[in-house]
Amino acid sequence: MSRARAQALAPIPMPTPRLRFAPSPTGYLHVGGARTALFNWLYARRMGGVFVLRIEDTDVERSSADMVTGILDGMRWIGLDWDEGPEVGGDYGPYFQSQRLARYRELGEQLVRDGHAYYCYCGGDKGGSSQEGSGSAGGAQSTSYGETEPPAADDAAWDEGDTPRGESWTYDRRCSRLTPEEVAAREAAKMPRAIRFRVPTGETTFHDLVHGDITFDNAHIEDFVALRSDGHPTYHLSVVADDIDMAITHVVRGDDHISNTPKQVLLYRAFGKPLPAFAHVPLILGPDKRRLSKRHGATSVTEYSRQGYLPEAMMNFLALLGWSPGNDQELFSRDELVAAFSLEGISSSDAVFNPEKLEWFSAQHIARMPAAELVRRIEPRLREAGLWPVKWSPGSSFDSHVDASLAQDRLDPGAWLARLIELLRPRAKRLTDFVEKGRPFLVDEVEYDADAVKKHLSSPEALAHLAAVRDTCAASEAFTAAALEPAIRALADARGVKAGVLIHPTRVAVVGRAESPGIFEVLELLGRERALDRMTRALQAVRPQG
RNA sequence: GUCCCCAUCGUCCAGGGGUUAGGACGCGGCCCUUUCAAGGCCGAGACCCGGGUUCGAAUCCCGGUGGGGACGCCA
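Report follows, based on the coordinates. Note that the structure is a prediction, hence the values are computed from the model and not measured. (Residues numbered from 1 in each chain as written. Chains lettered and ligands numbered in written order. Predicted model: local features only at pLDDT ≥ 70, side-chain atom pairs only at ≥ 80, totals over all residues. Heavy atoms only, no water.)

### Considerations on the overall build of chain A
Next up, step 1: Across its full length, chain A carries 21 helices and 11 strands.
Next up, step 2: In chain A, which comprises 546 residues, the proportion classed as buried is 46%.
Next up, step 3: Sequence separation of at least 24 residues holds for 74% of the intrachain contacts in chain A that already meet a minimum separation of 6.
Next up, step 4: As displayed, chain A has an accessible area near 27,100 Å², and 51% of this comes from carbon and sulfur atoms. (Helix = DSSP H or I, 4+ residues; strand = E, 2+ residues; numbered from the N terminus. Buried < 20%, exposed > 50% of the residue type's maximum accessible area, 1.4 Å probe, protein only. Contact = heavy atoms within 4.5 Å. Areas by Shrake-Rupley, 256 points an atom, 1.4 Å probe, with all protein chains shown as cover.)

This is how it looks when you write it as structure tokens:
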């Protein structure tokens, strides 16, 4: 606190915050990565800093250009833009690690020269690891069922050997002890060599903005490979090299990187560079509390886009998954999030992804979206479903399949569509709902739901009511909700029934379903011709059975 | 197994030495109502356990338990 005061008195020039999101293009953008990107972006925007997008494609085998495109699209969909990176460039490029390989090699050699690393000729396998435990045959870790579980009671003997049970298999550093002659011999033999970092003894501590100080005993840190024998860097080297070269000030990433951080801290020190600020954000879990993955269903943001969730909702939802403004506000626009965001608000415990709440956010953002914008978002979906009712654009004429009587009523297609959307809006959770619930208004032939017909349109009484309603509607001078409602209510009185008794069959007749927006608005929107026609046809279709 | 992180309603969060422990999603009920929603109101629902510090602990400390993550020439 006193430091903050001192700053207020005599501002220390703070470098512009530079944050980055550094996805590996080995898969689509999933919600966990999206949230990490979001937190970085929010903080950069909040602080007036720079948001860098860097593609970590050093794993040539698993990376692909398609995935890069997918990730970029996913970020754009959520509403994240980047100041430096693919497609926009920047002063610290290139932003693909595959284009920075020379730099990593240079840095790798520098580590060796400075004594922080050494050449390792052990090859791709783990040769030189600790001996296998006496009981473990095979050594295939992934099928560890029986042999990794020692006998419970008489396990004292397991602890006696010089390879204590449970010791992690760390590289035994054999190549670090090679004499210059031995190294020369191997070089002469052109043996492939990797560069391994020489982890010093002692402890490594770093400060984490969400977890506080975290300390690791270096004894638990392996002499990790920094540069592979094929000349490609490992993640640790490339990340540190780039974060240094790109002047990254804040590293905000998933909790799963905490155990990588001490290795990277060691690299920063070996390079003689100051550490960035670290903030490790909690992970997003599935309902089973395990790390979110494909088997939990949709995890790619593209999939949520396809399912019609609003990107505003996704951003809002993701922001609140592991972060809080400190009060009870939940609904945020993008600008409000930027204004409210702080690293202090990030929580330290993992969060379970709750699709139902995401859907609620989506409904809330739909409810708040300006009408014109909503139409713009819905249009491509209606077109795709063959339901777009306007020939060219809002303001021109209706497509042929929409009732000519609408044109007679001198309704502008854009206005008509806007009214339809407003009727649907409070019932919509996703953009797909507008297609689904709007369909009866946009087709020539309604599909009749069998259950609805059975329930509301099968009895002789219901059909008689429907016929009466049709006649009343036909007689109504104006085909508007305001005119139809009193007329139909009066009809109900005259027939000695509640209005609902008339309305149910009418609804099923005109939209084919038991649910719809208010029936009077529905009738008005449908227009006289289509509404009467549907009632008539319903009567004809059902009568023979009644 | 080893190391690291974490622990408030089912879920997401707020709070935090003395509170009727707050909000949201979901759930139940009521209101509104022509249906379905939306909206409004009400309700059920939580501080992991054990020690310690303290007049007082959900809150601070320690231990346990539980959960998660990491232990690659993947990122």
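Okay, back to it.
### Looking at the nonpolar core
Next up, step 1: Counting 106 residues, the largest nonpolar core has Met 75, Phe 353, Leu 523 and Met 535 as its most contacted members.
Next up, step 2: The biggest single contributor to this core is helix α2 (residues 31-46), with nine residues.
Next up, step 3: Beyond its immediate chain neighbours, meaning those up to four positions away, Met 75 contacts Phe 21, Leu 29, Ala 37, Phe 51, Leu 53, Leu 80 and Trp 82.
Next up, step 4: Counting residues in each nonpolar core, the second largest holds 41 residues, with Cys 122, Val 199, Phe 206 and Val 265 among its members. (Core = buried A, V, L, I, M, F, W, Y, C linked by side-chain atoms within 4.5 Å.)

### Observations concerning helix α14 (residues 413-424)
Next up, step 1: For α14, spanning 12 residues, the distance from its first C-alpha to its last is 17 Å, which sits close to the expected 16 Å at 1.5 Å a residue.
Next up, step 2: Among all positions in α14, only Pro 413, Gly 414, Trp 416, Leu 417, Leu 420, Ile 421, Leu 423 and Leu 424 are buried. (Expected span 1.5 Å × (residues − 1).)

### Structural notes on the packing of aromatic side chains
Next up, step 1: A complete count under the given rule lists 10 aromatic pairs for this structure.
Next up, step 2: Centroid distance Phe 39 to Phe 341: 5.4 Å. Interplanar angle 45 degrees. Geometry classified as tilted. In this pair, Phe 39 is assigned in helix α2 and Phe 341 in the loop between α10 (334-340) and β11 (351-352), connecting sequence segments 302 residues apart.
Next up, step 3: Positioned over the ring face of Tyr 171 is Arg 196, at 3.6 Å from the centre of the ring. (Phe/Tyr/Trp six-rings, centres within 6.5 Å; stacked < 30°, edge-to-face > 60°. Lys NZ or Arg CZ within 6 Å of the ring centre and 35° of its normal.)

### Looking at the environment of Gly 512
Next up, step 1: Structurally, the position occupied by Gly 512 is in the loop between α19 (499-511) and α20 (519-526).
Next up, step 2: Judged by its relative accessible area of 0%, Gly 512 is buried.
Next up, step 3: Residues Gly 512 and Ala 277 lie 235 residues apart in sequence; the distance between their C-alpha atoms is 60 Å.
Next up, step 4: Each residue touching Gly 512, except ones within four places of it in the same chain, is listed here: Glu 447, Tyr 448, Asp 449, Ala 452 and Arg 507.

### Observations regarding the packing of helix α18 (residues 481-495) against α20
Next up, step 1: Across the interface, α18 lies against α20 with an axial gap of 9 Å and an inter-helix angle of 125 degrees. By the angle between their axes, α18 is oblique relative to α20. In this structure, α18 crosses over α20, and the sense of that crossing is right-handed. Two secondary-structure elements touch here, α18 through Ala 481, Leu 484, Glu 485, Ile 488 and Arg 489 and α20 through Phe 520, Glu 521, Leu 523 and Glu 524.
Next up, step 2: Per-class residue counts for the contact of α18 with α20 are five nonpolar, no polar and four charged. (Axes fitted to C-alpha atoms, helices over the stretch in contact; angles between N-to-C directions. Parallel < 35°, antiparallel > 145°, perpendicular 65-115°, else oblique. Left-handed = near helix turned anticlockwise from the far one by under 90°. Nonpolar A, V, L, I, M, F, W, Y, C, P; charged D, E, K, R; others polar.)

### What to know about the pairing of strand β8 (residues 250-254)
Next up, step 1: Where burial is concerned, most of β8 is hidden: five out of the five residues are buried.
Next up, step 2: Sheet analysis places β8 next to strand β9 (residues 277-281), joined by five bridges and oriented parallel. Of the residues in β9, the one forming a bridge with Gly 254 is Val 281. (Pairing = 2+ DSSP bridges.)

### Overview of the packing of helix α12 (residues 371-384) against α14
Next up, step 1: Here α12 crosses α14 at 95 degrees, and the two axes come no closer than 11 Å. Comparing their axes, α14 and α12 come out roughly perpendicular. When α12 is examined against α14, the residues Ala 371, Leu 374, Val 375, Ile 378 and Leu 382 are found in contact with a partner set consisting of Leu 417, Ile 421 and Glu 422.
Next up, step 2: The class makeup of the residues in the contact of α12 with α14 is seven nonpolar, no polar and one charged.

### With respect to helix α9 (residues 311-319)
Next up, step 1: In terms of residue burial, α9 counts as a mostly covered element, since eight of its nine residues are buried.
Next up, step 2: Along α9, the residues classified as buried are Pro 311, Ala 313, Met 314, Met 315, Asn 316, Phe 317, Leu 318 and Ala 319.
Next up, step 3: Where α9 is buried, its residues contact α2, α3 (65-78), α8 (301-306), α10, α11 (355-368) and α12.

### With respect to the side chain of Arg 54
Next up, step 1: Along the polypeptide, Arg 54 turns up in the loop between β2 (50-53) and α3.
Next up, step 2: There is a polar contact of 2.9 Å between the side chain of Arg 54 and the side chain of Asp 243.
Next up, step 3: The residues touching Arg 54, leaving out its near neighbours within four places in the chain, are Arg 20, Phe 21, Ala 22, Pro 23, Tyr 95, Gln 97, Val 239, Asp 242, Asp 243 and Met 246. (Polar contact = N/O pair within 3.5 Å; in protein donor to acceptor, adjacent residues only side chain to side chain.)

### Focus on the environment of Ser 516
Next up, step 1: When you line up the elements, Ser 516 lands in the loop between α19 and α20.
Next up, step 2: In sequence terms Ser 516 and His 250 are 266 residues apart; their C-alpha atoms lie 51 Å from each other.
Next up, step 3: Discounting residues that sit within four places of it in the chain, Ser 516 has contacts with Arg 427, Arg 507, Val 511 and Val 522.
Next up, step 4: Here Arg 507 takes part through its side chain, which lies 2.8 Å from a polar atom of the side chain of Ser 516.

### Some points on the pattern of salt bridges
Next up, step 1: Here the structure, examined in full by the defined rule, presents 33 salt bridges.
Next up, step 2: Between Lys 357 and Glu 330 there is a salt bridge whose closest N-O contact spans 3.2 Å. Here the residue Lys 357 occupies a position in helix α11, and Glu 330 occupies one in the loop between α9 and α10, the gap between them amounting to 27 residues.
Next up, step 3: The exposure class assigned to Lys 357 is partly exposed, which follows from its relative accessible area of 30%.
Next up, step 4: Residue classification places Glu 330 among the partly exposed residues on the basis of a relative accessible area of 30%. (Salt bridge = Lys/Arg side-chain N within 4 Å of Asp/Glu carboxyl O.)

### Some thoughts on the side chain of Gln 97
Next up, step 1: Inspection of the secondary structure puts Gln 97 in the loop between α3 and α4 (101-113).
Next up, step 2: Apart from the residues within four sequence positions on either side, Gln 97 is in contact with Arg 54, Ile 55, Glu 56, Asp 57, Thr 58, Tyr 104, Ser 238, Val 239 and Asp 242.

### Points about the sheet that holds strand β7 (residues 225-227)
Next up, step 1: Strand order in the open sheet made by the three strands is β3-β4-β7, with antiparallel pairing throughout. Each edge of the sheet is formed by a strand with only one pairing partner; in this case those strands are β3 (117-120) and β7. Taken pair by pair, the neighbouring strands of this sheet meet at an average axis angle of 45 degrees, ignoring direction.
Next up, step 2: Direction of pairing for β3 relative to strand β4 (residues 194-197): antiparallel, over a ladder of four bridges. By the bridge assignment for β4, Tyr 119 is matched with Ile 195.
Next up, step 3: This element, α4, spans β3, β4 and β7 of the sheet and lies at about 105 degrees to β3.

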